[in-house]
Amino acid sequence: MGVLALQGDFREHLAVLTALGAEAVPVRRPDELASVSGLVIPGGESTVMDKLSRTFGMAEPLRAAVDDGLPVYGTCAGLIMLADHVVDGTPGQRTIGGLDVSVRRNAFGGQTDSFETDLDVPVIGGPPVHAVFIRAPVVDRVGALATAVGVLDDGRVVAVEQGSLLGTAFHPEVTADYRFHARFLDKARAFSSR
Ligand code: GLN
């Protein structure tokens, strides 16, 4: 399993995947991307991740990998990178895309810049997920191809799924609840044995 390691909290994701028994490697180059059967895109800063992915020749290989069905799980900035459209991006900001959604950057301004809440996520079962939001985006529009799998009490969508792609506006890697990573690993294992 790979974790995109251009920028952001990729070390935390590597630790989670390792704790779940996966062989986890940082991915910075196209040849490293080609060797993994699943990829996590971490939280961080999507504008920087966008620039670095283009500088390092990773943007097109990432798009091709998503097109090919590679399972990808994006958290926070990673969710922004997976969105087909970004609202309140910086001028010229691009994404990899794949998720038929619009994501609004820094959607929880001011006092609630960062907050935690318990969130029901029926697709992963069990008790609510303790969701940690850090300058988080929100999914403004869920297109026909994507499914909202986590919704705040006020109706705002913060977790989405579309086939092999999974995205959360929050950061399970900073909690001890690894059910989203486990769901991602299930997809990645199915992909590698196809
Ligand atoms: N606000 C950041 C962005 O726009 C995301 C924050 C995060 O990943 N914790 O990319």
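Shown above is the structure to which this text applies.
An account of the accompanying structure is given in this report. Note that this is a predicted model, so its numbers are computed, not measured.

1. Description of the nonpolar core
Moving on, step 1. Within the largest apolar cluster, 60 residues are counted, with the highest numbers of intra-cluster contacts made by Leu-33, Leu-39, Ile-41, Phe-133, Val-158, Phe-170 and Phe-180.
Moving on, step 2. If we skip the residues at most four places from it in the chain, Leu-39 touches Gly-2, Val-3, Leu-4, Val-27, Leu-33, Leu-62, Leu-70, Pro-71, Val-72, Tyr-73 and Phe-184.

2. Some remarks on the packing of aromatic side chains
Moving on, step 1. Inspection of the entire model under this criterion finds 7 aromatic pairs.
Moving on, step 2. Seen from their ring centres, Tyr-73 and Phe-184 are 6.5 Å apart, and the 35 degrees between their planes marks the pair as tilted. Residue Tyr-73 is located in strand E4 (residues 72-75), and its partner Phe-184 is located in helix H6 (residues 179-192); the two are separated by 111 residues in the primary sequence. A single burial state applies to Tyr-73 and to Phe-184, both of which are buried.

3. Some points on the side chain of Asp-50
Moving on, step 1. Locating Asp-50 in the fold gives a position in helix H3 (residues 46-55).
Moving on, step 2. Setting aside residues up to four positions removed in sequence, Asp-50 forms contacts with Met-81, Gly-92, Gln-93 and Arg-94.

4. Some words on the pairing of strand E10 (residues 147-151)
Moving on, step 1. Judged from the 4 bridges that link them, E10 and strand E11 (residues 157-162) form a sheet pairing that is antiparallel. Across the sheet, residue Val-151 finds its bridge partner in E11, namely Val-157.
Moving on, step 2. Remark: 5 residues form the turn of the hairpin made by E10 and E11, two consecutive strands paired antiparallel; Gly-155 in that turn has positive phi of roughly 95 degrees.

5. Overview of helix H4 (residues 59-67)
Moving on, step 1. By the burial criterion, the buried members of H4 are Ala-59, Leu-62, Ala-65 and Val-66. The arc that holds the buried residues of H4, viewed along the axis, is 125 degrees, so those residues lie on one side. Of the residues in H4, the exposed ones pointing more than 90 degrees away from the buried face are Glu-60 and Asp-67.

6. Some points on the environment of Pro-91
Moving on, step 1. One can find Pro-91 in the loop between strand E5 (83-87) and strand E6 (99-104).
Moving on, step 2. Given a relative accessible area of 84%, Pro-91 falls into the exposed group.

7. Examining the site of the ligand
Moving on, step 1. In the vicinity of the ligand, the contacting residues are Gly-43, Gly-44, Glu-45, Ser-46, Cys-76, Ala-77, Ile-80, Arg-105, Asn-106, Ile-134, Arg-135 and His-171.
Moving on, step 2. Within the contact set of the ligand, an oxygen atom lies 2.8 Å away from a backbone nitrogen or oxygen of Gly-44.
Moving on, step 3. With respect to the ligand, the side chain of Asn-106 contributes an N or O atom lying 2.6 Å from a nitrogen atom.
Moving on, step 4. Bound to the protein, the ligand loses 95% of the 300 Å² it would expose on its own.
Moving on, step 5. Considering only residue class, the shell around the ligand consists of 4 nonpolar, 5 polar and 3 charged.

Reading the values: rules and limits
Residues numbered from 1 in each chain as written. Predicted model: local features only at pLDDT ≥ 70, side-chain atom pairs only at ≥ 80, totals over all residues. Heavy atoms only, no water. Core = buried A, V, L, I, M, F, W, Y, C linked by side-chain atoms within 4.5 Å. Buried < 20%, exposed > 50% of the residue type's maximum accessible area, 1.4 Å probe, protein only. Contact = heavy atoms within 4.5 Å. Phe/Tyr/Trp six-rings, centres within 6.5 Å; stacked < 30°, edge-to-face > 60°. Helix = DSSP H or I, 4+ residues; strand = E, 2+ residues; numbered from the N terminus. Pairing = 2+ DSSP bridges. Arc of directions from axis to C-beta. Near = heavy atom within 4 Å. Polar contact = N/O pair within 3.5 Å; in protein donor to acceptor, adjacent residues only side chain to side chain. Areas by Shrake-Rupley, 256 points an atom, 1.4 Å probe, with all protein chains shown as cover. Nonpolar A, V, L, I, M, F, W, Y, C, P; charged D, E, K, R; others polar.

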